[in-house]
Amino acid sequence: MQNNSSNLYLTTSTVTVVGLGKIGLPLAVQYAQHGRRVIGCDINPEVVETINAGQSHIQEEPELATEVFRLVESGMLSATVRTTDAVHNADVVIVIVPVVVDAQHKVNFDGIDAATMAIGAGLKPGTLVIYETTLPVGTTSGRFREILERSSNLQTGRDFSLAYSPERVSSGSIFRDLRIYPKVVGGIDEKSTSAAVAFYRSVLDAEIIIRASTDEAEFAKLIETTYRDVNIALANEYACFADAHGLDVAAAIKAANTQPYSHIHSPGVGVGGHCIPVYPYFLLAGVEKLDPFTLTPKFSMLTLPRSARRINDAMAEYAVQRIEATIGSLAHRSVLILGVAYRGDVHESAFTSTKLLQDALLEHGATVYVDDPLFSDDELFAPGYRPFVSERSDEICAIILQADHRVYQEFDFSRYTNCQLVLDGRRALRRERIESEGMHYIAIGDGFRENQDRGSDKQPVAASIFQNGGDR
Ligand SMILES: NC(=O)c1ccc[n+]([C@@H]2O[C@H](COP(=O)([O-])OP(=O)(O)OC[C@H]3O[C@@H](n4cnc5c(N)ncnc54)[C@H](O)[C@@H]3O)[C@@H](O)[C@H]2O)c1
């Protein structure tokens, strides 16, 4: 598939990376390590100044601290707020600016649209533009192509190449993931695909998987992330079933997954982060655009991702009901949530389950405190949390582990003298440790409480929450 023009991307190219966040900065470093001169662009002047001073503002990837310094010193990496100028001097432009959803789950392109306009204004013939941000299907070939052509007065395919390649890495292990995760690539035409493949072959060691179009490459990313949300929703429903039947879901899933075709994930108090709970809405946005005749009353598309979202978000309410089933009403009592981060050991709280847990607890009349050693008090106050202060230890009647930070393995539960229960939302704590403090230990899907309740006429918690297919 390679031709002469794409050889340019093998050795001599200057690369502009637009968006120098948790993913963009490691990508810029990866390309510079492979001999490209990289100009990174960001609208945040602090980010740009920090990088130009040879420092990394991203803490999650330990290699960045030394590599940013070395590459800036050697002139291989620099940063600027002037995207249009940087693009004008580039042969390859990589775009990794986020697309988000609002409170109504509507997709918001404002940031990446602005970046695309700035790129178009600097675009010169012969440039290859590749989007890596996760996108609703059709965005590269429709929305971005249109903005780029309008702002550059150039034509896609004839004057510049355009491709899409989803970024599949995880924060915290990016350089390892770049080495081993296959790179999915689709271009707007054959020339664009060849150019993108040649570029990635020159800067990555991973296998390249060529897709027929940008739409197909966008779809592949939404498939892999939505699969995880749906899978976790199924695990959560198994957990509720286990609770209702006095079974241990973790042990059952472990046994089931010894069959090579069973890959059930872990249940818990909710799904957070800016990927797994968000991208199903990108997929669903593609249904809204369809001709109504594609859908019939007998066939409704993507019902599984839709209900998976509802089930996973309802786990916070389920958790609160499980606590109340063990220690009684939480009204006028205080609960401490451990971990505001959406997952263990990351300084990132996007779409964290702590928010849903706090909402559910407040609805039940509880006072809610949070603890997270990775966040400052200001960072906790800003989104509306109440950081815990040790003078309040006596007030706490229940503790919920939401994010399994490693430090919580050493958490001193003995200080909470009136705490009756710990709900281990991630199955990260040892039951014996909690019980030795005289507290109940419960986990989602441990079947424990319902075991105790057998013979009572009380409706199991699971049945009361999920009777409407997961609707809260
Ligand atoms: N974070 C992850 O774990 C992860 C994993 C896989 C893929 N991704 C993809 O990467 C994208 C970016 O994620 P991230 O974690 O790096 O985000 P981030 O919030 O850490 O960084 C985004 C950066 O883009 C900059 N920016 C915003 N608007 C801009 C503009 N108009 N021009 C230039 N820069 C602009 C911001 O200032 C910020 O520095 C995500 O939307 C997702 O599609 C993220």
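Each remark here, short or long, concerns the structure printed above.
What you see is a predicted model, and the numbers here were worked out from it, not measured in a lab.

Definitions and limits used
- Residues numbered from 1 in each chain as written.
- Predicted model: local features only at pLDDT ≥ 70, side-chain atom pairs only at ≥ 80, totals over all residues.
- Heavy atoms only, no water.
- Buried < 20%, exposed > 50% of the residue type's maximum accessible area, 1.4 Å probe, protein only.
- Helix = DSSP H or I, 4+ residues; strand = E, 2+ residues; numbered from the N terminus.
- Pairing = 2+ DSSP bridges.
- Near = heavy atom within 4 Å.
- Polar contact = N/O pair within 3.5 Å; in protein donor to acceptor, adjacent residues only side chain to side chain.
- Nonpolar A, V, L, I, M, F, W, Y, C, P; charged D, E, K, R; others polar.
- Phe/Tyr/Trp six-rings, centres within 6.5 Å; stacked < 30°, edge-to-face > 60°.
- Lys NZ or Arg CZ within 6 Å of the ring centre and 35° of its normal.
- Axes fitted to C-alpha atoms, helices over the stretch in contact; angles between N-to-C directions.
- Parallel < 35°, antiparallel > 145°, perpendicular 65-115°, else oblique.
- Left-handed = near helix turned anticlockwise from the far one by under 90°.
- Contact = heavy atoms within 4.5 Å.
- 1 Å grid on protein atoms, 1.4 Å probe; cavity = no way out; pocket = protein on both sides within 12 Å on 5 of 7 lines; lining within 4 Å.
- Points joined across faces, edges and corners; volume = space filled by probe spheres on them.
- Patch = residues over 30% accessible without salt bridge, like charges linked within 9 Å, V, L, I, M, F, W, Y side chains within 5 Å.
- Areas by Shrake-Rupley, 256 points an atom, 1.4 Å probe, with all protein chains shown as cover.
- Salt bridge = Lys/Arg side-chain N within 4 Å of Asp/Glu carboxyl O.

Q: Would you mind showing me how to read the pairing of strand β13 (residues 396–401) here?
A: Walk down a regular strand and you will see the side chains alternate between the two sheet faces. Along β13, six of the six residues are buried, which leaves the element largely enclosed by surrounding structure. Pairing of β13 with strand β14 (residues 421–424), which is carried by four bridges, proceeds in the parallel orientation. Directly across from Ile399, in β14, lies its bridge partner Val422.

Q: Please explain the site of the ligand as it appears in this structure.
A: Taken together, 21 residues sit near the ligand, with Lys22, Ile23, Asp42, Thr134 and Val169 positioned nearest. Between an oxygen atom of the ligand and a side-chain N or O atom of Asp42, the distance comes to 2.6 Å. Gly111 places a main-chain nitrogen or oxygen 3.2 Å from a nitrogen atom of the ligand. Along the lines of polarity and charge, the residues of the shell around the ligand split into ten nonpolar, eight polar and three charged.

Q: Explain the packing of aromatic side chains here, please?
A: To describe a pair of aromatic rings, you give the distance between the ring centres and the angle between the ring planes. Applying the stated criterion across every chain yields a total of nine aromatic pairs. An angle of 45° between the planes, with centres 5.6 Å apart, marks the rings of Phe388 and Tyr416 as tilted. Here Phe388, found in the loop between α15 (377–381) and β13, pairs with Tyr416, found in the loop between β13 and β14; they are 28 residues apart in sequence, far enough to count as distant. Taking the ring centre of Tyr369 as reference, the NZ or CZ of Arg386 above it sits at 5.5 Å.

Q: Which parts of the structure should I look at to understand the packing of helix α13 (residues 303–327) against helix α14 (residues 353–363)?
A: To describe two helices that pack against each other, one gives the angle between their axes and the distance between the axes. Where α13 contacts α14, the axes come no closer than 8 Å and their chain directions differ by 45°. Classified by the angle their axes make, α13 and α14 are oblique. For the crossing formed where α13 meets α14, the hand is right-handed. Mapping the contact onto sequence places Asp313, Ala316, Glu317, Ala319 and Val320 in α13 and Leu356, Leu357, Ala360 and Leu361 in α14.

Q: Please clarify how empty space enclosed by the protein should be interpreted in this entry.
A: If a probe as big as a water molecule is rolled over the atoms, it shows which places are left empty. With the rule as written, the count across this model stands at three cavities of 30 Å³ or more. Of the voids in this model, the largest cavity is the one considered here, and its volume is about 50 Å³. Grouping the amino acids of the lining of the largest cavity by side-chain chemistry returns six nonpolar, no polar and four charged.

Q: Help me understand a nonpolar patch on the surface in this model?
A: There is a patch of nonpolar side chains on the surface, built from Val137, Phe219 and Ile223 and spanning about 240 Å² of accessible area. Its place among the elements puts Val137 in the loop between β7 (128–131) and α7 (140–152). Since its relative accessible area comes to 32%, Val137 is described here as partly exposed.

Q: Whenever I open this one, the side chain of Glu67 confuses me. Can you help?
A: In this fold, Glu67 is placed in helix α4 (residues 64–73). Residue Glu67 is classed as buried on the basis of its relative accessible area, which comes to 15%. For Glu67, the side chain forms a polar contact with the side chain of Gln33, separated by 2.7 Å. Those residues in contact with Glu67 that lie beyond four places of it in its chain are Val29 and Gln33.

Q: Is there a simple way to explain the sheet that holds strand β2 (residues 37–41) in this structure?
A: Strands pair in a sheet through their backbones, by hydrogen bonds, and they do so in one of two ways: parallel or antiparallel. If you walk across this open sheet you meet the eight strands as β3-β2-β1-β4-β7-β8-β9-β10, and the pairing is mixed. Among the strands making up the open sheet, the edge pair consists of β3 (77–80) and β10 (208–210). Each strand of the sheet is rotated relative to its neighbour by a mean of 25°, with strand direction disregarded. Relative to strand β4 (residues 92–95), strand β1 (residues 14–18) is paired through four bridges, and the arrangement is parallel. Residue pairing for β4: Thr16 is matched across the bridge by Val93. Set on the sheet, helix α6 (residues 110–122) makes contact with β1, β4 and β7; between it and β4 the angle comes to about 170°. Each of β7 and β8 (161–164) is contacted by α7, which is oriented at about 145° to β8, the strand it contacts most.

Q: Would you mind going over the environment of Leu178 with me for this structure?
A: Structurally, Leu178 can be placed in helix α8 (residues 174–180). The contact partners of Leu178, leaving out residues within four places of it in the chain, are Leu27, Gln30, Glu167, Val169, Leu204 and Ala206.

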